Amino acid sequence: MTTPMDAPLPAVTRLIATDLDGTLLRDDKTLSERTVAALAAAEAAGLPVLFVTGRPARWMDAVLGHLPSHATAICANGAVVADLSGTPKLLRVHPLERADALEVVHRLRAAAPGTSFAVEMSTGIHYEPAYPPFHLDPGATVAVAEKLLHEDEPGSGAPVLKLLAHHSEQAPDAFLALARSVAGDRAAFTRSSPSALLEAARKGVSKASTLAEYCAELSVPASEVVAFGDMPNDVEMLRWAGTSFAMGNAHPDALAAASGATLTNEEDGVAVVVERILAAR
């Protein structure tokens, strides 16, 4: 794997797409001064930076003070395109059908007893009693998945952005492989947590699929996109972008998918490459 200083860059870079946790953000969920400066310099040079994250739009506080002028982000692993210029506004949603989510629940319960679930909707997250609680969402409904996914009338409920599945004993990668084998025909599974926590989206939806849509609207080809990531939920994006960098702290699947590698998130790995892109301009 090449180093961040000798990995090839595209002849023209027109957009930078970066993950947040484990990539742009340090482990304490803050941005370093060097990273802040790199983001500002890219913006000043007319090079847009697009945040592409598994986080919901309401959990973007860590970067709200450093938003580029377009104030747009791809959230929930591609299920949402959001405008963060004020109160988060969902511009586009790729929902997971409730029938598919419910089938995933039934199949995973059978294949991995002890699995608990949370449902991320456009209106917020809700979870089962056994699921690790979300302290950032004190107003969440706590109930079994069947009740959380129930609609009085078809289409009357809020769109489901993703289904989360947690297991306290499964190994994370093994749990992901299991889910894909038993329910991969009903949803797209990935993970971004160090624990056995899976994220299921509408089949075909990923960071890459929504980034491709976004770039097509701007007439920016994949060959002119530079992407950064560190976990399995970044793999499709790292493969899609013409140039991509896995972080020094990245999961092996992300390292294998990327065209280059950079330093860790604690060592400002994204900023190192952005500085090099700007210098080449």
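Residues numbered from 1 in each chain as written. Predicted model: local features only at pLDDT ≥ 70, side-chain atom pairs only at ≥ 80, totals over all residues. Heavy atoms only, no water.

### Here's the deal with the nonpolar core
Here's step 1: Of all hydrophobic cores here, the largest spans 32 residues; its most connected members are F51 and M60.
Here's step 2: Looking at which element gives the most residues to this core, the answer is helix 9 (residues 269-280), with 5 residues.
Here's step 3: V105, A183, L198 and A200 belong to the second-largest nonpolar core, a separate cluster that totals 25 residues. (Core = buried A, V, L, I, M, F, W, Y, C linked by side-chain atoms within 4.5 Å. Buried < 20%, exposed > 50% of the residue type's maximum accessible area, 1.4 Å probe, protein only. Helix = DSSP H or I, 4+ residues; strand = E, 2+ residues; numbered from the N terminus.)

### Remarks on the pattern of salt bridges
Here's step 1: Counting across every chain of the model gives 17 salt bridges.
Here's step 2: Between R14 and E224 there is a salt bridge whose closest N-O contact spans 3.3 Å. Of this pair, R14 sits in the segment before strand 1 (15-18) while E224 sits in the loop between helix 6 (207-217) and strand 11 (225-229), placing them 210 residues apart in sequence.
Here's step 3: Overall, the relative accessible area of 18% leaves E224 in the buried class.
Here's step 4: Several salt bridges converge on common partners, so that one network encompasses D19, K207 and D234. (Salt bridge = Lys/Arg side-chain N within 4 Å of Asp/Glu carboxyl O.)

### Description of the sheet that holds strand 1
Here's step 1: The sheet built from 8 strands is open, its strands ordered 5-4-3-2-1-11-12-13 with mixed pairing. One side of each edge strand has no neighbouring strand; the edge strands of this open sheet are strand 5 (89-93) and strand 13 (260-261). (Pairing = 2+ DSSP bridges.)

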